[in-house]
Amino acid sequence: MTDRSLTVTDRSVMLRRMTSLQTPSGPIAYDEQGDPSGLPIVLLPSGAHDRHDFDVLRERLPERFRTIALDWPGHGESLLGDSPFTVTRAADVTEALVAQLAPQGAVVLGNSVGGYSATRLALRRPELVQGLVIVDGGGFGTYPPPVRLFCALMARPGFLRRIYPRFASRYMHAKTDADRRALATGIATTRADPGLQAVAGLWGSFPSTEHDLRAAASAISAPTLVLWGRRDPVIPVKVGRRIADLIPGARLHVFDAGHCPHTTDPDGVAAQLIPFADAALAHQRRSPATTL
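This is a predicted model, so every value here is computed, not measured.

So, how was this worked out
- Just so you know, the residues in each chain are numbered from 1, in the order the chain's sequence is written.
- Only residues with pLDDT of at least 70 are given local features in this predicted model, and only at 80 or more are side-chain atom pairs given and counted; all residues enter the totals for whole chains, interfaces and linings.
- To obtain the side-chain values, all non-hydrogen atoms of the structure were included, while hydrogens and water were left out.
- The buried label goes to any residue with under 20% of its type's maximum accessible area, the exposed label to any with over 50%, and the partly exposed label to all in between, with areas taken from a 1.4 Å probe on protein chains only.
- Where helices and strands are cited, they refer to DSSP runs of H or I of at least four residues and of E of at least two residues respectively, numbered from the N terminus.
- Two strands qualify as a pair provided DSSP detects at least 2 bridges between them.
- The criterion is simple. A nonpolar core is a set of buried Ala, Val, Leu, Ile, Met, Phe, Trp, Tyr and Cys residues joined through side-chain atoms within 4.5 Å.
- By definition, residues are in contact when any of their heavy atoms lie within 4.5 Å.
- Whenever a helix is involved, its axis is fitted only over the stretch in contact; in every case the axis is a line through C-alpha atoms, and angles between N-to-C directions fall within 0 to 180 degrees.
- Here a Phe, Tyr or Trp ring, Trp counted by its six-membered ring, pairs with any other such ring whose centre lies within 6.5 Å, and the pair is stacked when the planes are under 30 degrees apart, edge-to-face when over 60, and tilted otherwise.
- Confidence of the predictor at the level of single residues is given by pLDDT, which spans 0 to 100.
- Side-chain atoms alone can form a polar contact between residues adjacent in sequence; in general such a contact is a pair of N or O atoms within 3.5 Å, and within protein one must be able to donate a hydrogen while the other accepts it.
- To estimate the expected span of a helix, count its residues, drop one, and scale the result by 1.5 Å.
- A pair of cysteine sulfur atoms is labelled a disulfide when the two atoms are within 2.5 Å.

(A) Focus on the pairing of strand β6 (residues 129-135). Across the 7 residues of β6, 7 count as buried, placing the element largely inside the fold. Taken together, the 4 bridges between β6 and strand β7 (residues 224-229) define a ladder with parallel strand orientation. Paired with Val 135 across the strands is Leu 227, a residue of β7.

Right, dumping it as structure tokens:
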């Protein structure tokens, strides 16, 4: 089946409400879909990917939701700026975006570094995260010497550019048109600057102490849904189980997918996300969201 979101007509509709947001890290491109006064869901992609990873998932969400998806610095239509792109910068961008666009709080869904950013936001600004959805998320892994060495190699642009096509093919386990589009985006992002520089900087920051949220996870108060691909070789499903154990009340659902279950099985992800978001944002039904 061909994903309708990949047609020119649908893509133009999706970009009608695209704009940029000024953050302390520089301007960030994002777009909004759904009811402008609807229940907010913020969507944070993986590194090397862009906001269009969520196109097919957004098609499956009811109009009552207002979805907001961004391009990371140096990705998609966002400029890299003068600062390196690191896990800390990704989290800072997320905090600025949610604080400005959903000050009453949102369901924040993040994949990979997006999952780390969403989780850190739930810890630092719990009033902004009414519901936390971690999709094959970072920040809960371990970094023994071989993993640290691989991260150091991936932080070298020449190595990253050569290996990324094979690496991305392995973590995507592409089955659908949306998988293949995400795979192509990841490869294209890492072929040249600014994307190559941005992704290299991100890999160099993964072993940092700031990327380790394990000790703080028990303090998360937001309802938490953990979604994982059982075929993810980069952040294996055992990490998803660890997260579900560490965060009070978290619920884990595993898909037959790689690193991006939302592109492989958008129907399955939507079936988990819709009731979760409705429950998490129930209070906003009684008082419409205010946006800036």
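(B) Here's a closer look at the nonpolar core. Grouped together as the largest cluster of nonpolar side chains are 63 residues, with contacts concentrated most on Leu 97, Val 108, Leu 132 and Tyr 164. Non-local contacts of Val 108, meaning those with residues more than four positions away in its chain, are made with Val 42, Leu 44, Val 98, Ala 118, Leu 121, Leu 128, Val 129, Gly 131, Leu 132 and Val 133. Within the second largest apolar cluster, 24 residues are counted, among which are Phe 65, Leu 225, Ala 257 and Ala 277.

(C) Focus on the environment of Val 269. With respect to the helices, strands and loops of the structure, Val 269 is situated in helix α11 (residues 266-280). A relative accessible area of 2% means that Val 269 is categorised as buried. A C-alpha to C-alpha distance of 23 Å links Val 269 and Ala 90, two positions 179 residues apart in sequence. Sequence-distant contacts of Val 269, that is, excluding residues within four places in its chain, are made with Leu 57, Leu 227, Phe 255, Pro 261 and His 262.

(D) Representation of helix α8 (residues 195-205) within the structure. Of all the 11 residues making up α8, 8 are buried; the element is thus mostly covered by neighbouring parts of the structure. Turning to α8, its buried residues are Gly 195, Leu 196, Ala 198, Val 199, Ala 200, Leu 202, Trp 203 and Ser 205. Against the buried residues of α8 lie α3 (87-101), α4 (113-124), α5 (145-154), α6 (157-172) and α7 (177-189).

(E) Seen up close, the sheet that holds strand β1 (residues 18-23). In space, the 8 strands of this open sheet follow the order β1-β2-β4-β3-β5-β6-β7-β8, with mixed pairing throughout. Each having just a single partner strand, β1 and β8 (251-255) make up the two edges of the open sheet. Neighbour-to-neighbour, the strand axes of the sheet open up by a mean angle of 25°, direction not taken into account.

(F) Fine view of unusual backbone geometry. Geometrically, the link from Asp 193 to Pro 194 is a cis peptide bond, its omega value of 10° lying close to zero. Inspection of the secondary structure puts Pro 194 in the loop between α7 and α8. For Ser 112, which is not glycine, the phi dihedral falls at a positive 60°. Mapped onto the elements, Ser 112 comes out in the loop between β5 (106-111) and α4. In this structure, His 173 takes a positive phi of about 45° despite not being glycine. For His 173, the location among the structural elements is in the loop between α6 and α7.

(G) Broad picture of the packing of aromatic side chains. Considering all chains together, one arrives at 8 aromatic pairs under this definition. Ring geometry for Tyr 164 versus Tyr 171: centroids 6.2 Å apart, planes at 80°, classification edge-to-face. Note on Tyr 164: relative accessible area 2%, which makes it buried. You can call Tyr 171 buried: its relative accessible area is 2%.

(H) The confidence of the model for the protein chain, seen in detail. Chain-level pLDDT for the protein chain is 93 on average; 92% of the residues reach the 70-or-more range. Predicted confidence is poor over residues 1-16, with pLDDT under 50, and the contacts of this stretch with residues over four places away or in other chains come to 28 contacts.

(I) Layout of the side chain of Thr 94. Take Thr 94: it is sitting in helix α3. In this structure the side chain of Thr 94 is engaged in a polar contact, spanning 3.0 Å, whose partner is the backbone oxygen of Ala 90. Excluding residues that lie within four positions of it along the chain, Thr 94 makes contacts with Leu 44, Trp 72, Ser 117 and Leu 121.

(J) Main features of α7. Under the 1.5 Å per step criterion, the end-to-end length of α7 is 18 Å for 13 residues, consistent within 8% with the ideal 18 Å. With 10 of 13 residues buried, α7 is to be regarded as a mostly interior element. Of the residues making up α7, those classed as buried are Asp 177, Ala 178, Asp 179, Arg 181, Ala 182, Leu 183, Thr 185, Gly 186, Ile 187 and Thr 189.

(K) A look at the state of the cysteines. Taken as a whole and assessed by the stated rule, the structure comprises 0 disulfides. No disulfide involves Cys 151; its sulfur sits 17 Å from the nearest other cysteine sulfur, which is in Cys 260. For Cys 151, a relative accessible area of 2% translates into the label buried.

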